Amino acid sequence: MSSCTCGTHKSEESEPVEEIKEAPVAVEALEEPVREEDLNKEEELTKDLEQTLGKLKEVMAYLAEMAEGEAKMEEEKAEEDEAEAEEEEEEEEEAEEEKSVEPKEKEDTLEKSLATLKKYGFNVYSGSKNTPAPKTIETPKAKFDFNDLVSKSWEELETLERGN
């Protein structure tokens, strides 16, 4: 391999590597005796953690029950929906059967009615075209003078109203 010739890097050979042959010196904090207060705090923390863990387990169990309850509710809804769909299909089939029977009966009764009317001399147009509207008779309304009406008696007004 070639070595760097730019001069900015020092080669590995020029840097001496220190090897640690002695064991590290113990830190003074480790040599101090453990206080009872620290032990009590640790005990309190472990108790708090155990209580928190217990509550967390309760919450998880509650959530699992809720999820099971929701799953059961969804299953029940699905079963109800299926039952309703089957009922609707049955109703539709019954309605179709009734519709298929009713028009024949209506046609029969219509034909019988028309035949009966023709028999007795009544002609009825039963086609699809609209029948013409009857003629309107235009009758001119009498125009009255207000002063003339005020001077008349009740009997005269009634006769005018009736057209006599």
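These figures come from a predicted structure and were not determined experimentally.

### Quick notes on the overall build of the protein
From N to C terminus, the protein includes four helices and zero strands. Counted from the first residue to the last, the protein has its helices and strands arranged as α-α-α-α. Counting across all 164 residues of the protein, residues that qualify as buried make up 1%. Carbon and sulfur atoms form 52% of the exposed surface of the protein, whose accessible area is close to 17400 Å².

### A few points about a nonpolar patch on the surface
Together, Leu 53, Leu 56, Val 59, Met 60, Tyr 62, Leu 63 and Met 66 make up a nonpolar patch on the protein surface, roughly 680 Å² of accessible area in all. Looking at the secondary structure, you find Met 60 in helix H2 (residues 36–119).

### A word on the confidence of the model for the protein
Detailed conclusions should not be drawn from predicted coordinates in areas where pLDDT is low. This prediction gives the protein a mean pLDDT of 76; 65% of its residues lie at or above 70. Mean pLDDT values for the elements of the protein range from 60 in helix H1 (residues 28–31) up to 84 in H2.

Cut-offs used in this document
Residues numbered from 1 in each chain as written. Predicted model: local features only at pLDDT ≥ 70, side-chain atom pairs only at ≥ 80, totals over all residues. Heavy atoms only, no water. Helix = DSSP H or I, 4+ residues; strand = E, 2+ residues; numbered from the N terminus. Buried < 20%, exposed > 50% of the residue type's maximum accessible area, 1.4 Å probe, protein only. Areas by Shrake-Rupley, 256 points an atom, 1.4 Å probe, with all protein chains shown as cover. Patch = residues over 30% accessible without salt bridge, like charges linked within 9 Å, V, L, I, M, F, W, Y side chains within 5 Å. Salt bridge = Lys/Arg side-chain N within 4 Å of Asp/Glu carboxyl O. pLDDT = per-residue confidence, 0-100.

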